[in-house]
Amino acid sequence: MVIDINDPLAEKLHDISDVDEHMPGMLPATRDFLRNYKIPQGKPMNQFGSMVSGKDKNFAKSIIKETHAHWLDLIMRTKEGKIFTENTSLPNSPFFISQSEAGDVINANPPYNAAGPGQPEQKSVFVHRSVGEPVCGEIRGRYCYPE
């Protein structure tokens, strides 16, 4: 979890333990959301393993640093790869292109369809639930049960 430094609560939230103190119920609600948000799409509940409790800010910083290093490796690579890394905001990147070139790339392709080329778009259904409410019932012919 991260918080915008401009958020009014940012001065009070310095580590995961501060969240319980200043935002009671936020961590259980977040875990509940992350466990169940794919269920309306017919997917199973997410399992957390050792991540049942939140990790501290040092752990979060190490993950951010590691992820940033991977991103830099990707965006600054010198050979083309499977991932399109052309960009308009990093002039030192080998794949920097102008706004005009980016517009040409976008206009040369069909509009984005999340379902894939030639497939009808699927609509997501979101269900509002309280934190303690069990998840169960039939979704697209499949049954899901609370943990």
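Residues numbered from 1 in each chain as written. Predicted model: local features only at pLDDT ≥ 70, side-chain atom pairs only at ≥ 80, totals over all residues. Heavy atoms only, no water.

1. A few points about the overall build of the protein
Thought 1: Within the protein one finds four helices and two strands.
Thought 2: Along the chain direction, N to C, the helices and strands of the protein fall in the order α-α-α-α-β-β.
Thought 3: Within the protein, the proportion of its 147 residues that are buried is 17%.
Thought 4: In the protein, the proportion of contacts linking residues at least 24 apart, taken out of those at least 6 apart, comes to 31%.
Thought 5: Surface accessibility of the protein: about 11900 Å² in total, with carbon and sulfur atoms responsible for 58%. (Helix = DSSP H or I, 4+ residues; strand = E, 2+ residues; numbered from the N terminus. Buried < 20%, exposed > 50% of the residue type's maximum accessible area, 1.4 Å probe, protein only. Contact = heavy atoms within 4.5 Å. Areas by Shrake-Rupley, 256 points an atom, 1.4 Å probe, with all protein chains shown as cover.)

2. What to know about the layout of surface pockets
Thought 1: By volume, the largest pocket amounts to about 850 Å³.
Thought 2: In terms of lining, the largest pocket is formed by 30 residues, of which the most central are Met1, Val2, Ile16, Lys55 and Ala60.
Thought 3: If you list the elements that add at least two residues to the lining of the largest pocket, you get helix H1 (16-22), helix H2 (26-36) and helix H3 (57-75).
Thought 4: Split into classes, the residues belonging to the lining of the largest pocket amount to 19 nonpolar, four polar and seven charged. (1 Å grid on protein atoms, 1.4 Å probe; cavity = no way out; pocket = protein on both sides within 12 Å on 5 of 7 lines; lining within 4 Å. Points joined across faces, edges and corners; volume = space filled by probe spheres on them. Nonpolar A, V, L, I, M, F, W, Y, C, P; charged D, E, K, R; others polar.)

3. Things to note about the confidence of the model for the protein
Thought 1: When pLDDT is averaged along the protein, the result is 79, and 73% of the positions lie at 70 or above.
Thought 2: Between the elements of the protein, mean pLDDT differs from a low of 42, seen in strand E1 (residues 137-139), to a high of 92, seen in H3.
Thought 3: Per-residue pLDDT stays below 50 along residues 133-147; that stretch engages in 33 contacts with residues further than four places along the chain or on separate chains. (pLDDT = per-residue confidence, 0-100.)

4. Things to note about the side chain of Asn87
Thought 1: As for its placement among the helices and strands, Asn87 is situated in the loop between H3 and helix H4 (99-107).
Thought 2: Owing to a relative accessible area of 10%, Asn87 belongs among the buried residues under this scheme.
Thought 3: A polar atom in the side chain of Asn87 sits 2.8 Å from the backbone nitrogen of Leu90.
Thought 4: Setting aside chain neighbours within four positions, we find Asn87 in contact with Ile75, Ser93, Phe95, Phe96 and Ile97. (Polar contact = N/O pair within 3.5 Å; in protein donor to acceptor, adjacent residues only side chain to side chain.)

5. Side note on the packing of aromatic side chains
Thought 1: Under the definition given, this model contains one aromatic pair.
Thought 2: An angle of 20° between the planes, with centres 5.2 Å apart, marks the rings of Phe33 and Tyr37 as stacked. (Phe/Tyr/Trp six-rings, centres within 6.5 Å; stacked < 30°, edge-to-face > 60°.)

6. Considering H2
Thought 1: Considered for burial, the residues of H2 that qualify are Leu27, Asp32, Arg35 and Asn36. Along H2, the residues classed as buried sweep out an arc of 150° about the axis, all on the same side.
Thought 2: Against the buried residues of H2 lie H1. (Arc of directions from axis to C-beta.)

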